[in-house]
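# Fold and contact review
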Amino acid sequence: MEIRFEEAKQLKEKPDQKNLGFGKYMTDYMFVMDWTVKDGWKDARITPYAPLSLDPACVTLHYAQETFEGMKAYRTKEGKIQLFRPQMNAERMIRSNERLCMPAFPVDMFVQAVKELVKVEREWVPSEEGTSLYIRPFMFATENALGVHMATSYKFMVICCPVGAYYAEGINPVKILVENELVRAVLGGTGFTKCGGNYAGSILGQVKAEKMGCAQALWLDGVHRKYVEEVGTMNIMFKIDGEIYTAPIEGTVLAGVTRDSILHILKDWGYKIHETHLAIDDLMKAGHDGSLEEAFGTGTAAVISPVGELVYQDDAVKVNDFKIGKLTQKLYDYLTGIQWGNVEDKYGWTMDIDS
Ligand code: COI
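These figures come from a predicted structure and were not determined experimentally.

Tracing the backbone through its elements, the reader meets Trp35 in strand β2 (residues 29-36). Note on Trp35: relative accessible area 14%, which makes it buried. Residues Trp35 and Ala104, 69 residues apart in the sequence, show an inter-C-alpha distance of 10.0 Å. Excluding residues that lie within four positions of it along the chain, Trp35 makes contacts with Gly40, Trp41, Pro103, Thr152, Ser153 and Tyr154.

Here we take up the site of the ligand. The environment of the ligand is formed by Phe68, Gly70, Tyr134, Arg136, Tyr166, Lys194, Tyr199, Thr233, Thr300 and Ala301. Between the ligand and the protein, one listed contact pairs an oxygen atom with a backbone N or O atom of Ala301 at 2.8 Å. If the ligand stood free it would expose 280 Å²; the protein chains cover 90% of that surface. The residue inventory of the shell around the ligand, partitioned by class, reads 5 nonpolar, 3 polar and 2 charged.

Right, let's talk about the pattern of salt bridges for a bit. Using the criterion set out here, one finds 20 salt bridges in the structure. Residue Lys119 pairs with Glu116 through a salt bridge whose shortest N-O separation is 3.4 Å. Of this pair, Lys119 and Glu116 both sit in helix α3 (residues 107-120), 3 residues apart, roughly one helical turn. Residues joined in a network through salt bridges with shared partners are Arg4, Glu6, Asp34, Asp43, Arg45 and Lys155.

What follows is about the packing of helix α5 (residues 257-268) against helix α7 (residues 326-339). One way to put it is that α5 packs onto α7 with a least axis distance of 11 Å and a crossing angle of 110 degrees. As summarised for this structure, α5 and α7 are arranged roughly perpendicular, according to the angle between their axes. Together, Thr258, Ser261, Ile262, Ile265 and Leu266 of α5 and Leu327, Leu331, Tyr334 and Leu335 of α7 make up the contact between the two elements.

Together, Leu52, Leu54 and Leu61 make up an exposed nonpolar region whose accessible area comes to about 260 Å². Within the element layout of this structure, Leu61 appears in helix α1 (residues 59-63).

A few words on the pairing of strand β13 (residues 243-246). As paired elements, strand β12 (residues 234-240) and β13 share 4 bridges and run antiparallel to each other. Note that in β13 the partner of Lys239 across the bridge is Ile244. Taken together, β12 and the strand that follows it, β13, pair antiparallel across an intervening segment of 2 residues, in which Asp241 is found at a positive phi of about 50 degrees. Once you follow β13 into α5 and on to strand β14 (residues 273-275), the crossover reads as right-handed.

It is worth spelling out the packing of aromatic side chains at this point. All told, the structure shown has 16 aromatic pairs when counted by the stated rule. Between Phe105 and Phe156, the ring centres sit 3.8 Å apart and the planes meet at 15 degrees, which makes this aromatic pair stacked. Of this pair, Phe105 sits in the loop between α2 (86-99) and α3 while Phe156 sits in strand β8 (residues 153-163), placing them 51 residues apart in sequence. Looking at Phe156, the relative accessible area reads 0%, which means it is buried. Positioned over the ring face of Trp269 is Lys330, at 4.3 Å from the centre of the ring.

Rules used in this analysis
- Residues numbered from 1 in each chain as written.
- Predicted model: local features only at pLDDT ≥ 70, side-chain atom pairs only at ≥ 80, totals over all residues.
- Heavy atoms only, no water.
- Helix = DSSP H or I, 4+ residues; strand = E, 2+ residues; numbered from the N terminus.
- Buried < 20%, exposed > 50% of the residue type's maximum accessible area, 1.4 Å probe, protein only.
- Contact = heavy atoms within 4.5 Å.
- Near = heavy atom within 4 Å.
- Polar contact = N/O pair within 3.5 Å; in protein donor to acceptor, adjacent residues only side chain to side chain.
- Areas by Shrake-Rupley, 256 points an atom, 1.4 Å probe, with all protein chains shown as cover.
- Nonpolar A, V, L, I, M, F, W, Y, C, P; charged D, E, K, R; others polar.
- Salt bridge = Lys/Arg side-chain N within 4 Å of Asp/Glu carboxyl O.
- Axes fitted to C-alpha atoms, helices over the stretch in contact; angles between N-to-C directions.
- Parallel < 35°, antiparallel > 145°, perpendicular 65-115°, else oblique.
- Patch = residues over 30% accessible without salt bridge, like charges linked within 9 Å, V, L, I, M, F, W, Y side chains within 5 Å.
- Pairing = 2+ DSSP bridges.
- Right-handed = clockwise from strand over helix to strand, strands pointing away.
- Phe/Tyr/Trp six-rings, centres within 6.5 Å; stacked < 30°, edge-to-face > 60°.
- Lys NZ or Arg CZ within 6 Å of the ring centre and 35° of its normal.

Encoded structure:
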């Protein structure tokens, strides 16, 4: 794929790497490509980061035909910049798009677009401990019409921003509210996709959680409101009596890249994994009888986030005394060690942007 480059007249001042927060500072450039029924994908370009001009009748504003991905670029001590399993994001976006009736963006083009944009923005990849360049590929319908139908034109874009920790708590444990009224996904719906609509529907749960002093909501299955599925921006895992429990990927839960990586590592470390429907009552019971040893969320933005407390209806359990568990810390150190190039990447998960 040939990518046209349009130079920015002026570059932005870079933010203080010690106070990046999450998703606040966009870089100088963005990748853009258009799709039409007639021509397919065309006009790949990296242009100065700028607002878009949209017709008020643009179907995405009304019917939310939109998908996105989340990934990161890491600067190693030697100054190399590497991506983490970018093909998995590309493949997941194809699955999301299929469900949303949107065109596939081929894996090789996706990886090339991300690599080339990060190369242009290499000065934006931060070096401060715990920081990275967050990359947000996304696609949306651009046709202007008010009838509900599969659109005939789309844009694929990539934007980037240097980030620190997703949660204000950083790697410290967070309190999670188990949501027992609202539901996030049911089989046959869009739960497994990374589409904006899933997140829009989850915000009320997030607001409720924050009102209760919690960082996020933990969603139960949409039919019985009984089995643990995922948290707002991450998958979730539990260590109960030395074994690992997490929800299966069957259509309602997002197939997280971090989730997959952590399960790989845990299997290699000899842990027994249960990808199963864990009932919230059994989880709370395990919390009370002490067999729930650790709980942690996994996600690209959140990385590995220890859960220190679960609040469910009028019950609450502390996990590991609201302290980060030994295994959680070990996983965080090992995974981020691979990502930042401090630990040997024996799985071949990292990709040098200059290779
Ligand atoms: C990610 O972990 O990359 C995500 O996309 C979560 C996001 C909604 C902040």
